[in-house]
Amino acid sequence: MSRNPRSPRCATPRRYLMCSPAHFKVTYSINPWMDPAKPVDVPLAIAQWEDLRDRYRSLGHTVEELTPRPGLPDMVFAANGATVVGGRVLGARFAYREREPEAEAHLEWFRTHGFTEIHEPTHINEGEGDFAVTASYVLAGRGFRASPLSHGEAQECFGRPVIGLDLIDPRYYHLDTALAVLDDTADEVMYYPPAFSPGSRAVLRRLFPDAVIAEEPDAVALGLNAVSDGLHVLLPQAALGLFEPLRERGFEPVGMDLSELLKGGGSVKCCTQELRS
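The structure contained in this document is the topic of the report that follows.

What counts, and where the lines are drawn
Position numbers for residues start from 1 in each chain and track the written sequence from start to end. The predicted nature of this model means local features are confined to residues of pLDDT at least 70 and side-chain atom pairs, given and counted, to a pLDDT of 80 or more, with totals for whole chains, interfaces and linings taken over all residues. Think of the side-chain values as coming from all heavy atoms in the structure, minus any hydrogens and water. Two rings belonging to Phe, Tyr or Trp (six-membered ring only in the last case) form a pair when the distance between their centres is within 6.5 Å. Interplanar angles under 30 degrees mark stacking, angles over 60 mark edge-to-face geometry, and anything in between is tilted. Elements are defined by DSSP. Helices are runs of H or I of four residues or more, strands are runs of E of two residues or more, and each kind is numbered from the N terminus. Classification of residues uses two cut-offs on accessible area relative to the type maximum, computed with a 1.4 Å probe and protein chains only: under 20% is buried, over 50% is exposed, and between them is partly exposed. For two strands to be treated as a pair, DSSP must find at least two bridges joining them. We call two residues in contact whenever any of their non-hydrogen atoms come within 4.5 Å of each other. An axis is simply a line fitted to the C-alpha atoms; with a helix, the fit covers only the stretch in contact. Between two such axes, the angle follows the N-to-C directions and lies from 0 to 180 degrees. One fewer than the residue count of a helix, multiplied by 1.5 Å, yields its expected span. Note that the arc is computed from the directions linking the helix axis to the C-beta atoms. Pairing of N or O atoms within 3.5 Å defines a polar contact, subject to two protein rules: one partner must be a possible hydrogen donor and the other a possible acceptor, and residues neighboring in sequence count only if both atoms are side-chain atoms.

All right, on to the packing of aromatic side chains then. Applying the stated criterion across every chain yields a total of eight aromatic pairs. Between tyrosine 16 and tyrosine 56 the ring centres are 4.5 Å apart and the planes differ by 45 degrees, which places this aromatic pair in the tilted class. Taken together, the residues span a long stretch of sequence, with tyrosine 16 in strand 1 (residues 15-19) and tyrosine 56 in helix 1 (residues 42-58) at a distance of 40 residues. Residue tyrosine 16 is classed as buried on the basis of its relative accessible area of 1%. With a relative accessible area of 1%, tyrosine 56 lands in the buried category.

As structure tokens, then:
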């Protein structure tokens with residue numbers, strides 16, 4: 001389903017789950033962005049994260065907070081902890097042992113906050129890192145983290161068609177580093193084609209012929225690691241090449257500085273799990 005780019009945009013109130021980077025640091029490397037030799041400025045990371053949280057609230061969205069736990073430095077990347085569609089929760093199962101305990105921390109939060117349809121996964125998936133929800137589909141990345149078997153599990157959980165997409169560049173190890181949903185009521189996305197296999201690029205062209213196409217400098221700035229409420233698109237401020245194409249489509253880009261969290265391989269979307277009721 002496409003949308004006339006000249007038709008008025010409107011923001012839809014959202015509910016997000018975030019987790020403070022109080023314990024954030026880079027002591028191991030599980031993606032090409034992570035270098036334990038580069039020190040992390042934790043107070044700056046917290047300030048940048050709080051700016052993102054407060055920006056969501058200023059735009060009329062609800063932000064729930066998951067309590068960070070010592071020894072789990074990547075909990076700040078809350079998008080990886082689960083996927084929620086229609087109030088149904090598909091938990092995460094992490095690929096690396098360093099992050100495994102995060103899955104239970106998220107499930108505990110859902111159990112104590114009124115979610116009753118919770119599915120604990122059998123196969124590896126890292127939440128909204130590799131699941132993106134549009135009006136018609138659940139797009140599902142694979143190649144570096146999520147198991148292809150998790151796609152069928154997601155389809156059974158959510159009752160929506162799941163479209164598998166193969167990632168081939170290790171810098172874009174999660175789908176949310178290479179593709180962002182701009183309007184989940186009209187199947188509008190933006191993505192970086194070289195992150196995907198030739199066949200997956202063909203699928204994306206067929207499903208989203210009017211997509212915003214990112215260039216390499218903006219992809220390297222993690223410009224696709226963005227969150228949209230249907231009008232405002234919060235994305236890394238360094239992804240300058242995406243601002244004008246978004247404005248041309250009627251969106252309002254909002255640049256955010258999450259440079260400290262980029263040291264862990266994440267930005268706006270990685271910090272933001274959407275609680276779709």
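This part covers the sheet that holds strand 3 (residues 82-85). Here we have three strands laid out as an open sheet, ordered 3-4-5, and mixed in their pairing. A strand with exactly one partner marks an edge of an open sheet, and here the two such strands are strand 3 and strand 5 (118-119). The strands touched by helix 3 (residues 149-158) are strand 3, strand 4 (88-91) and strand 5; relative to strand 4, the strand with the most contacts, the crossing angle is about 160 degrees.

A separate point is the environment of cysteine 157. As for its placement among the helices and strands, cysteine 157 is situated in helix 3. A relative accessible area of 11% places cysteine 157 in the buried class. On a C-alpha basis, the gap between cysteine 157 and cysteine 271 in space is 24 Å, while along the polypeptide they are 114 residues apart. The contact partners of cysteine 157, leaving out residues within four places of it in the chain, are Arg88, Val89, Leu90 and His119.

To continue, consider the sheet that holds strand 13 (residues 232-236). In space, the three strands of this open sheet follow the order 12-13-14, with mixed pairing throughout. Two strands lie at the open edges of the sheet, namely strand 12 (227-228) and strand 14 (252-256), each paired on one side alone. Contacts between helix 1 and the sheet are confined to strand 12, strand 13 and strand 14, with strand 14 contributing the most and set at about 155 degrees to the helix.

With that settled, consider the pairing of strand 13. Consecutive side chains along a regular strand alternate between the two faces of the sheet. For strand 13, a buried count of five out of five residues is recorded, marking the element as mostly surrounded by other parts of the structure. When strand 12 meets strand 13, the two strands line up antiparallel, connected through two bridges. Each residue of the ladder has a partner; that of serine 228, found in strand 13, is valine 233. Taking the residues that link successive antiparallel strands as the turn, the strand 12-strand 13 hairpin has three residues, and the phi of glycine 230 there is positive, at about 100 degrees.

Moving on, we get to helix 1. Relative to the 24 Å expected for 17 residues at 1.5 Å per residue, helix 1 spans 24 Å between its end C-alpha atoms, a close match to the ideal helical length. Those residues of helix 1 lying buried are Ala45, Gln48, Trp49, Leu52, Arg53 and Tyr56. All buried residues of helix 1 project into a common sector of 135 degrees when viewed along the axis, lining one side. Seen from the buried face of helix 1, the exposed residues on the opposite side, beyond 90 degrees, are Pro43 and Ser58. The inward-facing, buried residues of helix 1 abut strand 1, strand 2 (62-66), strand 12, strand 13, strand 14 and helix 7 (259-262). Two or three places before leucine 44, at the opening of helix 1, aspartate 41 has a side-chain oxygen 3.1 Å from that residue's backbone nitrogen. Glycine 60 sits one or two residues past helix 1 and shows a positive phi near 95 degrees.

Now for the environment of leucine 262. The topology assignment puts leucine 262 in helix 7. Leucine 262 has contacts with Trp33 and Leu222, leaving out every residue within four places of it along the chain.

On to the environment of arginine 97, then. Take arginine 97: it is sitting in the loop between strand 4 and helix 2 (100-111). Note on arginine 97: relative accessible area 64%, which makes it exposed. In this structure, the C-alpha to C-alpha distance between arginine 97 and leucine 222, residues 125 residues apart in sequence, is 25 Å.

Read these as spatial facts, not as claims about activity.
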